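Listed below, chain by chain, are the residues.
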Amino acid sequence: GENVEQHPSTLSVQEGDSAVIKCTYSDSASNYFPWYKQELGKRPQLIIDIRSNVGEKKDQRIAVTLNKTAKHFSLHITETQPEDSAVYFCAAKPRGSSYKLIFGSGTRLLVRP
Amino acid sequence: GAVVSQHPSRVICKSGTSVKIECRSLDFQATTMFWYRQFPKQSLMLMATSNEGSKATYEQGVEKDKFLINHASLTLSTLTVTSAHPEDSSFYICSARVGGSDTEAFFGQGTRLTVV
């Protein structure tokens, strides 16, 4: 089945700097890759997603890139702010009719004021 | 966005008892819901896919007799942890999607289960 690996597990950046989180997936047929942000004690919330027919997507300070050949995708956050501090999860939707998502192990991002 | 409500948010139970957790889609119908388990500072581990009107599909390594799933209506799925043990203590969270396979998954607020 699908396996998603995520790096780094923790990331500390200075406010205003950029943060990059990387994920790799194993199932070449996976076609949907969302990113979720989970603040402490709260539910995960979608921040951006990308489909396999697109190489890059941007939404204000957040962008995601997808390299299908290498089977990896990355989250880029520019001009980080303290409120960006949270755990970020990448996910992939494996082949098949199920709508399930397989999540990466998560990255704890700390933005230092 | 769509709202998924999970109840209870916290529950403490004694070893050997069973606990039921409810997941409701409040403003949409969900033929499929998903149950995840999250250990402290760890990822969301998919336990099973709940299918309305049919049996749930369990992920490898998840005991179906231990974690009973019922999806009797288009807006409600339940997870029952049977004969709970302290090692079942965890954060359980459900999700549901609106529409097709590549649409946003909405999560419930999660249930913190503590077995004493």
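**So, the pattern of salt bridges**
If the charged atoms of two oppositely charged side chains come close together, the side chains can form a pair. Residues and elements named next belong to chain A. Going through the model one piece at a time under the given rule, you end up with seven salt bridges over all chains. The partner of Asp49 in a salt bridge is Arg51, and the shortest N-O contact between them spans 3.9 Å. When its relative accessible area of 8% is taken as the criterion, Asp49 is described as buried. Salt bridges sharing common partners tie together Asp49, Arg51 and Lys57.

**Quick word on the interface of chain B and chain A**
On the side of chain A, 18 residues touch chain B, which itself brings 23 residues to the contact. The contact between chain B and chain A buries some 1800 Å² in all, and 55% of this surface belongs to carbon and sulfur atoms. One can count one salt bridge joining chain B with chain A. With a closest N to O distance of 3.0 Å, A:Lys100 and B:Glu59 form a salt bridge. Of all the elements in the fold, those that place two or more residues in the side of chain B that touches chain A are strand E4 (32–38), strand E5 (44–51), strand E9 (90–97) and strand E10 (105–107) of chain B. Split into classes, the residues belonging to the side of chain B that touches chain A amount to nine nonpolar, nine polar and five charged.

**Quick notes on the environment of A:Ala92**
Residue and element names in this part refer to chain A. Here Ala92 is to be found in strand E9 (residues 86–92). With a relative accessible area of 0%, Ala92 lands in the buried category. Residues Ala92 and Asn3, 89 residues apart in the sequence, show an inter-C-alpha distance of 8.5 Å.

**A short note on the side chain of A:Asp84**
Residue and element names in this part refer to chain A. Among the structural elements, Asp84 can be located in the loop between strand E8 (72–77) and E9. A distance of 2.9 Å separates a polar atom in the side chain of Asp84 from a polar atom in the side chain of Arg61. Setting aside residues no more than four positions away along its own chain, Asp84 makes contact with Lys37, Arg61, Ile77, Glu79, Leu109 and Val111.

**Details of unusual backbone geometry**
Residues and elements named next belong to chain A. Backbone torsion omega between His7 and Pro8 reads -5°, so that peptide bond is classified as cis. Despite not being glycine, Gln60 has its phi angle at roughly 55°, a positive value. In this fold, Gln60 is placed in the loop between strand E6 (56–59) and strand E7 (62–67). Under the relative-accessibility criterion, Gln60 is labelled exposed at 71%.

**Thoughts on the environment of B:Thr114**
Residue and element names in this part refer to chain B. Mapped onto the elements, Thr114 comes out in strand E11 (residues 111–115). You can call Thr114 partly exposed: its relative accessible area is 31%. Sequence separation between Thr114 and Ile12 is 102 residues, and the spatial gap between their C-alpha atoms is 4.7 Å. When neighbours within four sequence positions are excluded, Thr114 is seen to be in contact with Val11, Ile12, Cys13 and Ser89.

Cut-offs and rules
Residues numbered from 1 in each chain as written. Chains lettered and ligands numbered in written order. Predicted model: local features only at pLDDT ≥ 70, side-chain atom pairs only at ≥ 80, totals over all residues. Heavy atoms only, no water. Salt bridge = Lys/Arg side-chain N within 4 Å of Asp/Glu carboxyl O. Buried < 20%, exposed > 50% of the residue type's maximum accessible area, 1.4 Å probe, protein only. Contact = heavy atoms within 4.5 Å. Buried area = accessible area lost by both parts, 1.4 Å probe. Helix = DSSP H or I, 4+ residues; strand = E, 2+ residues; numbered from the N terminus. Nonpolar A, V, L, I, M, F, W, Y, C, P; charged D, E, K, R; others polar. Polar contact = N/O pair within 3.5 Å; in protein donor to acceptor, adjacent residues only side chain to side chain.

Purely spatial values, then, with no claim about function.
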